[in-house]
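Structure at a glance
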There are 2 protein chains.
Amino acid sequence: MTKPTLAIVGATGAVGSVMRELVSNRVDAWGEIRLIASPRSAGKKLLVRGEEVTVQAIGEDVFEGVDVAHFDLPDEVSAQWVPIAAAKGVIVVDKSNAFRMDPDVPLVVPEANPEQVRNRPKGIIANANCTTLALIPSLAALHRRFGLESMTVASYQAASGAGQEGFDTLYEQIATVAGQTTLGTKAGDVRAALGEKADATFGAPLALNVVPKVGGWKEDGWTSEELKVRNESRKILGLPDLAVSSTCVRVPVAQGHSQAVRASFASDVDVAAAHEVLRDAPGVELVDDPAAGRFPMPIDAAGTEGTYIGRVRASLDFPRSLDFFVVGDNLLKGAALNSAQIAELLLPEFE
Amino acid sequence: MTKPTLAIVGATGAVGSVMRELVSNRVDAWGEIRLIASPRSAGKKLLVRGEEVTVQAIGEDVFEGVDVAHFDLPDEVSAQWVPIAAAKGVIVVDKSNAFRMDPDVPLVVPEANPEQVRNRPKGIIANANCTTLALIPSLAALHRRFGLESMTVASYQAASGAGQEGFDTLYEQIATVAGQTTLGTKAGDVRAALGEKADATFGAPLALNVVPKVGGWKEDGWTSEELKVRNESRKILGLPDLAVSSTCVRVPVAQGHSQAVRASFASDVDVAAAHEVLRDAPGVELVDDPAAGRFPMPIDAAGTEGTYIGRVRASLDFPRSLDFFVVGDNLLKGAALNSAQIAELLLPEFE
């Protein structure tokens with residue numbers, strides 16, 4: 001059999017770089033690997049599987065002969081090009097927000113709903129938001145055992161969730177405030193030190209600050225990110241009535257999204273039973289030993305493929321409820337890794 | 001009338017420094033102001049009301065003639081010295097955790113329960129935890145109008161919550177990681193750059209990280225800080241059965257504690273009604289205009305006396321519930337300012 005041809009669309013971005021590494025190292029299952037990006041990146045040579053591959057400009061012709069394509073592009077660019085690729089018979093795994101809530105597009109997290117990859121009437125499979133993805137592997141495992149009914153989530157999201165620009169902005173700002181040890185004690189002094197351009201990437205300075213706004217403003221004071229956590233969790237878990245409250249906050253961390261969660265269940269739940277479920281859950285690493293000072297943190301999750309859960313507590317005042325803390329790398333499980341795993345679920349179709 | 005004599009015990013610490021500024025600038029109501037600290041700080045000269053005052057070593061004699069004393073000392077030192085001062089007739093306003101849950105000691109936040117300053121059979125009035133204090137002015141106002149029934153809280157706590165050492169540790173770590181723009185992309189690289197001593201203050205590195213552990217470990221995986229938010233809120237609001245879940249997390253912010261909150265009420269609630277209550281609430285600044293990019297943040301709260309609330313939303317899936325974000329300066333309303341306000345409530349007793 002000929003191995004299937006894979007395309008990486010958006011190959012030059014932060015997620016695209018991680019994807020090139022993943023397809024080089026995870027499985028030896030792909031034939032040709034084509035790199036595709038905007039016309040201004042065409043002609044660049046990038047490494048895949050140890051060999052240089054020339055980046056091609058996006059266009060109808062570059063999808064000829066492609067079996068599976070990873071798309072990591074801005075929402076509106078995905079909305080334009082994904083249907084064009086799909087019309088040529090390409091199975092598209094799309095990271096954007098353009099198709100996630102389309103009832104004819106499955107939204108897949110392999111630890112939760114792998115069977116959904118086959119229900120793709122449009123030839124499109126959507127990958128979820130990075131914040132949702134850090135939470136789903138643990139949540140799906142707990143749901144299977146205890147029956148999830150509601151959750152309240154507060155996020156601690158890394159700068160690289162805003163791509164390479166977010167990462168660079170954080171480091172620039174840290175370099176500016178380093179050594180200025182009176183900053184942070186008076187209102188306005190961090191703003192004055194960083195200047196007005198410090199608001200450009202995150203809507204406010206991020207160094208020495210937290211910014212309770214991730215994504216764009218939607219109706220009734222909610223942000224797009226907060227609604228994604230709610231609506232995507234409902235779709236992935238197959239719980240259209242799941243009660244969710246989410247507050248999404250950017251923090252001065254480079255890589256790794258964290259979330260504090262209180263979840264309520266249909267069945268009785270305790271820490272020992274939750275630990276038992278989580279220890280065996282695919283894609284989940286249980287890091288929960290307070291006495292030894294072990295709990296999940298972004299500096300330990302960065303660059304790794306797992307999602308981490310710890311600080312698991314039985315709620316003191318809410319029945320059938322757990323409080324816990326989860327962390328996942330927003331560029332790996334939160335983006336490229338989940339797409340890579342979805343594509344690997346398709347491999348039997350090419351055998 | 002002779003103006004009452006005030007003592008500041010723990011005058012040389014981070015909170016003590018803020019207290020010296022507050023008593024210099026807020027009200028011209030105090031007679032002598034005595035500065036007291038540990039024996040190793042005795043003899044230092046510090047400014048109060050523009051004049052140098054010599055710090056005295058703590059001991060039984062230094063409380064002679066004192067009417068009101070602010071204590072900001074470690075829990076175990078307060079536990080030892082507060083009763084000695086109180087036995088001499090001093091009214092003690094204590095910032096430590098030693099007496100907060102004592103049924104014979106009122107726990108006072110002037111915006112919530114000012115009348116409790118008179119119920120002090122031991123001559124001791126307790127000041128609350130810094131995290132609790134950022135939340136109470138808003139919460140008390142909402143409770144009076146809508147009847148609080150439960151809340152789920154996730155905190156974003158500043159380094160200076162751990163005193164001057166916490167503040168210095170954060171700035172040292174930021175200086176070390178500044179310019180090292182590959183840090184934060186791989187597990188372990190921040191730890192390697194900062195070295196093992198980076199764990200000393202917060203239990204883990206704080207630069208480029210969030211640490212889901214504030215305070216010591218208590219029973220069943222909870223931290224002391226998380227239990228304080230629950231138990232102190234119940235006592236201050238007079239709601240012994242209030243349902244609370246709290247997750248406390250340290251973030252790389254110098255000054256200003258933030259919290260993401262979902263609160264449920266006995267009465268129907270909406271954003272317009274909540275805004276109306278919050279606009280008139282004492283000690284509360286409503287900063288809630290998403291369209292204009294206005295929401296509360298630690299860099300704007302630092303060094304100011306208010307507590308800030310914004311991102312007020314009607315919960316989408318939970319009845320009679322609001323989601324919101326609060327921020328307060330942990331050294332001002334979270335510590336010295338609340339103590340100063342309590343002491344000012346006592347002034348009529350000396351007229």
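Below or above, wherever it landed, is the structure these notes cover. For every chain, the first residue of its written sequence is number 1, and the numbers climb from 1 along that sequence. Each chain is given a letter, starting from A, and each ligand a number, starting from 1, according to the order in which they appear as written. Per-residue local features are limited, in this predicted model, to residues with pLDDT of at least 70; the limit for side-chain atom pairs, both in listing and counting, is 80 or more; totals at the level of whole chains, interfaces and linings are taken over all residues. Side-chain measures were taken over the full set of non-hydrogen atoms in the model, leaving aside hydrogen atoms and water.

1. Digging into the overall build of chain A
Only DSSP runs of H or I covering at least 4 residues are called helices, and only runs of E covering at least 2 are called strands; the numbering of each starts at the N terminus. Tallying secondary structure elements over chain A gives 9 helices and 14 strands in all. Radius of gyration here is computed from C-alpha atoms only, and the compact-globule reference equals 2.2 Å multiplied by the residue count raised to the power 0.38. Whereas a compact globule of 351 residues would reach a radius of gyration of roughly 20 Å, chain A reaches 21 Å, a difference of no more than 12%. For chain A, the spread of C-alpha atoms along the three principal axes comes to 55 × 50 × 40 Å. Burial status across chain A gives 62% buried among its 351 residues. Residue exposure (1.4 Å probe, protein chains only): buried if accessible area is under 20% of the type maximum, exposed if over 50%, otherwise partly exposed.

2. Here's the deal with the relation of the copies chain A and chain B
For the pair chain A and chain B, the best superposition has an RMSD of 0.0 Å and corresponds to a rotation of 180° with a translation of 0.0 Å parallel to the axis. Viewed as a symmetry operation, the transformation between the two copies matches a two-fold axis. In this assembly the copies share their binding face: 100% of the residues contributing to the interface of chain A also contribute to that of chain B. Copies are brought into register by a least-squares superposition over C-alpha atoms of residues with pLDDT of at least 70 in both. Pairs of residues are marked as contacts when any of their non-hydrogen atoms sit within 4.5 Å.

3. What to know about unusual backbone geometry
Not every positive phi belongs to a glycine, and Leu208 of chain A is a case in point at roughly 60°. The residue Leu208 of chain A is located in the loop between helix 5 (189–194) and helix 6 (224–237) in this model. For Leu208 of chain A, a relative accessible area of 4% corresponds to the buried category. At Arg311 of chain B, a residue that is not glycine, the phi angle is positive and equals roughly 50°. Note that Arg311 of chain B resides in strand 13 (residues 307–314).

4. What to know about the sheet that holds strand 9 (residues 148–156) of chain B
All names here are of chain B. With mixed pairing, the 6 strands of this open sheet are ordered in space as 10-9-11-14-13-12. The outermost strands of the open sheet, each flanked by one partner alone, are strand 10 (243–247) and strand 12 (284–286). Direction aside, the axes of adjacent strands within the sheet are offset by 25° on average. Where strand 13 and strand 14 (residues 321–328) come together, 6 bridges link them in antiparallel fashion. Should DSSP find at least two bridges between two strands, the strands are regarded as paired. The angle between two axes is taken between their N-to-C directions and runs from 0 to 180 degrees, where each axis is a line fitted to C-alpha atoms and a helix contributes only its stretch in contact.

5. Side note on the packing of aromatic side chains
Planes of paired rings set the category: under 30 degrees apart is stacked, over 60 is edge-to-face and the rest tilted, where pairs are Phe, Tyr or Trp rings (Trp by its six-membered ring) whose centres lie within 6.5 Å. Considering all chains together, one arrives at 11 aromatic pairs over all chains under this definition. Both rings, one in Trp217 of chain A and one in Phe295 of chain B, keep their centres 6.0 Å apart while their planes meet at 50°; by these two values the pair is tilted. Of this pair, Trp217 of chain A sits in the loop between helix 5 and helix 6 while Phe295 of chain B sits in the loop between strand 12 and helix 8 (298–301), which puts the two residues in different chains. Look at Phe146 of chain B and Phe265 of chain B: their rings are 5.8 Å apart centre to centre, the planes differ by 65°, and that puts the pair in the edge-to-face class. Separated by 119 residues along the polypeptide, Phe146 of chain B in helix 3 (residues 130–146) and Phe265 of chain B in strand 11 (residues 257–265) bring together distant segments of the chain. Residue Phe146 of chain B is classed as buried on the basis of its relative accessible area, which comes to 4%. A relative accessible area of 0% means that Phe265 of chain B is categorised as buried. Ring pairing ties together the aromatic residues Tyr156 and Phe325 of chain A together with Tyr156 and Phe325 of chain B, which thus form one cluster.

6. Some words on the pattern of salt bridges
Whenever Lys or Arg places a side-chain nitrogen within 4 Å of a carboxyl oxygen from Asp or Glu, that contact is recorded as a salt bridge. According to the stated counting rule, one finds 36 salt bridges over all chains in the structure shown. For the salt bridge of Glu276 of chain B with Arg145 of chain B, the shortest nitrogen-to-oxygen distance reads 3.5 Å. With Glu276 of chain B in helix 7 (residues 271–279) and Arg145 of chain B in helix 3, the pair connects residues that are 131 residues apart, well separated along the chain. For Arg145 of chain B, a relative accessible area of 42% corresponds to the partly exposed category. Among the ionic pairs, Asp199 of chain B bridges to Arg191 of chain B, the shortest N-O distance being 3.8 Å. With relative accessibility at 29%, the residue Arg191 of chain B sits in the partly exposed group. One continuous salt-bridge network, built from bridges that share partners, spans Arg26, Glu305 and Glu344 of chain A.

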